[in-house]
Structure formats: C-alpha cells, structure tokens
Amino acid sequence: MEMMTLFDGVYPFYPQQRKAAVFNINAIIVIVVFLTLACSFLLIIPGIRGRVRLYWTLRVLLSLFMGVVIVLVQFTGDWETGWVQANTSYKSFSHVQVNVDIGLHIGLAGVNVTLRGESDVPICNSGVAVSPGGLQLPCAGTAGPQPVSPAGNPVNQINETINYNEHFPWNFGADYDHSYNEGLKKGLPSPILYVAEKFSTQSPCAVHRQYRIAGHYASAMLWVAFCTWIISNILFSMPVLVYGGYMFLVTGAFMIFSLLSFSTVRNSPMCLIQIGTRTLHVAYGGSFWLMLAIGLLCFVVGITIVAMHHLNLDLLKTFFDLHEDKEEEYQEMPEVFINPHFMNKG
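Residues numbered from 1 in each chain as written. Predicted model: local features only at pLDDT ≥ 70, side-chain atom pairs only at ≥ 80, totals over all residues. Heavy atoms only, no water.

In the annotation of an unreviewed UniProt entry, the entry for the chain reads Dual oxidase maturation factor 2, and the organism field reads Lamprotornis superbus. Under the Subcellular location (unreviewed entry) heading, UniProt states for the chain: "Membrane". Under the heading Sequence similarities (unreviewed entry), UniProt records this for the chain: "Belongs to the DUOXA family." (UniProt positions renumbered as here; feature names shortened; annotations may be inferred.)

Spelled out as structure tokens, the structure:
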C-alpha cells in the first residue's frame with residue numbers, strides 16, 4: 001500500500017510544486033570567466049603611469065566587452081521574444097480558466113516558453129473556490145474569506161504556483177520532439193504545450209527546420225567572429241596595429257553575417273499563435289540588437305584604427321603606448337668609444 005501512494009518521496013497522483021528556471025548556467029559561466037579576466041587586468045592598472053593608464057584601461061575593457069558579448073549571446077534565449085496576456089484553459093480536459101502572461105523566447109539553441117499568472121478565482125469562501133468554468137476547488141488554508149493577489153503575480157492558486165519556464169532545445173545532439181513529448185508526459189500546462197507544438201517537426205507551421213538551420217549557421221558565424229577577435233588582440237599586442245584593425249573589421253563582418261543568417265527565418269511565414277482571444281506576436285529581442293550594436297562598434301573601431309594608421313600614426317602609437325618605445329629605439333647614442341688597438345689592426 002505504501003508503494004502505491006509514495007514513490008521516491010513524491011506523491012504521483014497530485015500536482016507537484018515547480019520552480020521556474022531563471023538563469024542559464026552556461027551564460028553565468030561565460031560572465032564569470034570574463035569578469036575574472038577583467039579583474040585580473042585591472043589589478044595591473046596601479047603599475048601603469050600617466051595618461052597611458054586611461055588608454056590601457058579603455059582598450060582592455062572595450063575588447064573584453066566585445067568578446068563576452070560574442071560568446072554570451074549564443075546561450076541567451078531572446079533573439080526573438082513575444083508576450084501576451086490572455087484568459088485560457090490551464091490543463092487539458094479541465095474547465096479551469098487562468099489569467100496568465102505567456103512569453104515566447106527564441107534563441108539559437110532552442111525556445112523557452114514562459115507561463116506565469118493567477119487564476120480568475122476572486123475569493124475563497126468557506127473553504128471552496130468556484131472557478132469561472134463552474135468547477136469547485138478546495139482552498140488552501142482555513143475556511144473563511146481569503147483575498148487573492150493582483151493578476152499577473154505567480155501566486156499559489158488551484159493548488160500550485162503558476163510560474164513556468166520550459167526549454168525545448170534544437171541544437172546539435174538535442175531532439176526537440178523528444179523534449180516536447182517529455183513535456184506531455186509531465187503534464188505541462190496547455191498554453192506551454194500549444195506554443196511549443198508550433199515549433200515541432202510535425203507541426204503544419206513547418207518553422208522548425210528554418211529556425212534550427214538559421215540558429216546553427218548564426219552560431220557558427222559567431223564562433224568564427226570569436227576566433228578573429230582573439231587574433232585581433234594578438235596582433236595588437238605584437239604590435240601590428242593596422243592588421244589588428246583589419247581583423248576587427250573581419251570580426252564585425254562575421255557578426256553581421258550571423259544576424260543575416262538568423263534573419264532568414266523571416267522569409268517563411270510564421271503561424272499565428274492564438275491563445276484564447278489574443279495573438280502572440282514575436283519581434284527581435286535584446287540579443288539581436290546587442291549583436292547589431294557590437295558588430296557596428298567593431299566596424300567603427302576597425303575603420304578608426306586603419307584610418308589613423310594612414311593619417312596620424314603618431315597619435316595611434318600614443319594610444320597603444322608605442323610612441324616612447326619608438327623614440328627610444330631611434331635614440332642616438334651620445335658617445336661612441338673606439339678601441340685604437342683594433343683600428344690599427346685594420
């Protein structure tokens with residue numbers, strides 16, 4: 001009898017409390033690594049003299065910021081985003097209606113579907129709550145009037161907290177349909193399954209292939225951009241300034257190519273995502289616009305370095321702390337001592 005009611009400490013026939021995934025572990029690792037590098041470089045600042053300290057700090061922080069963005073956006077899920085608030089059914093074969101915010105977040109490696117909100121039950125009275133569909137549900141706590149929090153908050157209602165963030169991957173080695181089927185087995189809320197089904201391989205929308213291929217090519221372009229970013233920093237440290245500027249232009253070009261690759265999904269029509277009486281629309285998100293800004297910044301920096309190399313080389317060497325070294329290299333020796341013994345032998 002105990003085996004039928006309890007399995008691994010979990011009651012199988014009752015809804016379980018769930019926690020929303022807030023942070024991406026890979027993104028946190030990338031941020032921590034680059035912050036460690038930045039702190040390590042900043043520890044050297046007190047040993048740098050004069051105005052060169054400001055130039056050196058600007059170069060290091062700007063370069064590290066470009067590098068962390070190139071890597072970080074590959075693990076973010078907001079290349080395209082969309083939100084809608086709607087009244088919709090919560091679970092299949094149930095008349096319970098909930099007022100929820102549904103979010104769709106599309107990244108290079110998959111989609112995240114967010115669901116948060118509260119039921120439209122206005123009050124609990126005498127231990128029983130009546131949903132808009134007429135279904136009577138037990139209230140948590142003691143009998144008596146219990147006020148409900150404002151709509152949109154992930155409060156506890158209908159015996160569980162509505163605060164979901166489910167990820168469905170399509171990157172290499174991942175099976176989107178398997179993740180979707182696992183969601184069906186877990187009994188995820190209907191709005192999440194409905195939105196996720198639009199991107200499955202069996203969906204009539206037929207957008208899974210476009211998004212998957214576009215994400216793969218965009219990710220590949222970004223890794224190439226990261227390699228060229230490393231090469232540009234190596235060239236600046238050698239120092240071969242003009243070729244470092246050229247590599248910054250190549251870095252910006254591959255970043256723009258990644259955006260163009262991801263944008264190709266707009267060539268295919270997107271199915272309407274109708275939730276209740278509302279429609280969920282998606283638009284380019286923060287990662288897309290951040291990549292565009294950093295790509296243009298790479299072009300600006302690269303063009304500036306190449307132009308200064310041809311127009312004002314001394315100013316460029318001063319910014320990279322090379323002017324004084326050059327002067328020392330060409331500084332003439334004040335006195336030359338010649339051994340007469342060797343002169344006579346000659």
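Right, let's get into the overall build of the chain. For the chain, the helix and strand inventory stands at eleven helices and 13 strands. Sorting the 346 residues of the chain into buried and exposed places 40% on the buried side. Taking contacts inside the chain between residues at least 6 apart in sequence as the whole, the part at least 24 apart equals 66%. Carbon and sulfur atoms form 64% of the exposed surface of the chain, whose accessible area is close to 20100 Å². (Helix = DSSP H or I, 4+ residues; strand = E, 2+ residues; numbered from the N terminus. Buried < 20%, exposed > 50% of the residue type's maximum accessible area, 1.4 Å probe, protein only. Contact = heavy atoms within 4.5 Å. Areas by Shrake-Rupley, 256 points an atom, 1.4 Å probe, with all protein chains shown as cover.)

Taken as a whole, this structure holds one disulfide when the rule is applied. C205 shares a disulfide with C271; S-S distance 2.2 Å. Between C205 and C271 the disulfide shows an S-S torsion of about -125°. By sign, it is left-handed. In this pair, C205 sits in the loop between helix 5 (190-197) and helix 6 (208-237) while C271 sits in the loop between helix 7 (241-263) and strand 11 (273-275), placing the two residues 66 residues apart along the sequence. Among the residues examined, C271 registers a relative accessible area of 26% and is labelled partly exposed. (Disulfide = S-S within 2.5 Å.)

Formed by 71 residues in total, the largest nonpolar core has its most connected members in W79, L104 and F199. Counting residues per element, this core draws most heavily on helix 3 (residues 52-72), at ten residues. The contact partners of L104, leaving out residues within four places of it in the chain, are E80, T81, G82, V111, N112, V113, V195, F199, I273, L280 and V282. (Core = buried A, V, L, I, M, F, W, Y, C linked by side-chain atoms within 4.5 Å.)

Here we take up the packing of helix 4 (residues 176-186) against helix 5. At a minimum axis distance of 10 Å, the contact between helix 4 and helix 5 shows a crossing angle of 165°. It follows from the interaxial angle that helix 4 and helix 5 lie roughly antiparallel. Crossing geometry of helix 4 relative to helix 5 is assigned as left-handed. Each of Y176, Y180, G183 and L184 in helix 4 lies in contact with helix 5, whose residues at this interface are L193, A196 and E197. When its residues are assigned to classes, the contact of helix 4 with helix 5 shows five nonpolar, one polar and one charged. (Axes fitted to C-alpha atoms, helices over the stretch in contact; angles between N-to-C directions. Parallel < 35°, antiparallel > 145°, perpendicular 65-115°, else oblique. Left-handed = near helix turned anticlockwise from the far one by under 90°. Nonpolar A, V, L, I, M, F, W, Y, C, P; charged D, E, K, R; others polar.)

A separate point is a nonpolar patch on the surface. On the surface, I25, I28, I29, V32, V33, L37, F41, L43 and I44 cluster together into a nonpolar patch covering about 810 Å² of accessible area. Examined against the element boundaries, I44 turns out to sit in the loop between helix 2 (25-42) and helix 3. By relative accessible area, which is 42% here, I44 ends up partly exposed. (Patch = residues over 30% accessible without salt bridge, like charges linked within 9 Å, V, L, I, M, F, W, Y side chains within 5 Å. Salt bridge = Lys/Arg side-chain N within 4 Å of Asp/Glu carboxyl O.)

Within this structure's numbering, the places UniProt gives as "transmembrane region" (unreviewed entry) are residues 21-48, 54-73, 217-236, 242-262 and 282-308. What you have in residues 54-73 is 95% helix and 0% strand, and the ends, taken at the C-alpha atoms, are 29 Å apart. End C-alpha to end C-alpha, residues 217-236 measures 29 Å, and it is 100% helix and 0% strand.

Looking at the element boundaries, L61 is found in helix 3. We classify L61 as partly exposed; its relative accessible area is 39%. Taking the C-alpha atoms as reference points, L61 and C39, 22 residues apart in sequence, are found 10.0 Å from one another.

Most of strand 2 (residues 97-106) sits out of view: nine of its ten residues are buried. Relative to strand 2, strand 1 (residues 80-89) runs antiparallel, the two sharing ten bridges. Considered in strand 2, the bridge of T81 is made with H105. (Pairing = 2+ DSSP bridges.)

Glancing now at the pattern of salt bridges. The full count for this structure, using the stated rule, is two salt bridges. In this structure, the salt-bridge partner of K186 is E166, at a minimum N-O distance of 3.7 Å. Here E166 lies in strand 10 (residues 163-169) and K186 lies in helix 4, a separation of 20 residues in the sequence. E182 is paired through a salt bridge with K185; the nearest N and O atoms lie 3.8 Å apart. Residue E182 and its partner K185 are located together in helix 4, separated by three residues, close to a single helical turn. E182 sits in the partly exposed class, given a relative accessible area of 31%. Take K185: its relative accessible area is 67%, and that puts it in the exposed class.

Here N181 is to be found in helix 4. A C-alpha to C-alpha distance of 9.4 Å links N181 and L193, two positions twelve residues apart in sequence.

This part takes up the packing of aromatic side chains. Per the counting criterion, the structure on display carries 21 aromatic pairs. For the ring pair F168 and Y176, a centre distance of 5.9 Å and an interplane angle of 45° mean the geometry is tilted. On the basis of relative accessibility, which here comes to 2%, the residue F168 falls in the buried class. Owing to a relative accessible area of 2%, Y176 belongs among the buried residues under this scheme. Over the aromatic face of F319 sits the side chain of R59, whose NZ or CZ is 5.9 Å from the ring centroid. (Phe/Tyr/Trp six-rings, centres within 6.5 Å; stacked < 30°, edge-to-face > 60°. Lys NZ or Arg CZ within 6 Å of the ring centre and 35° of its normal.)

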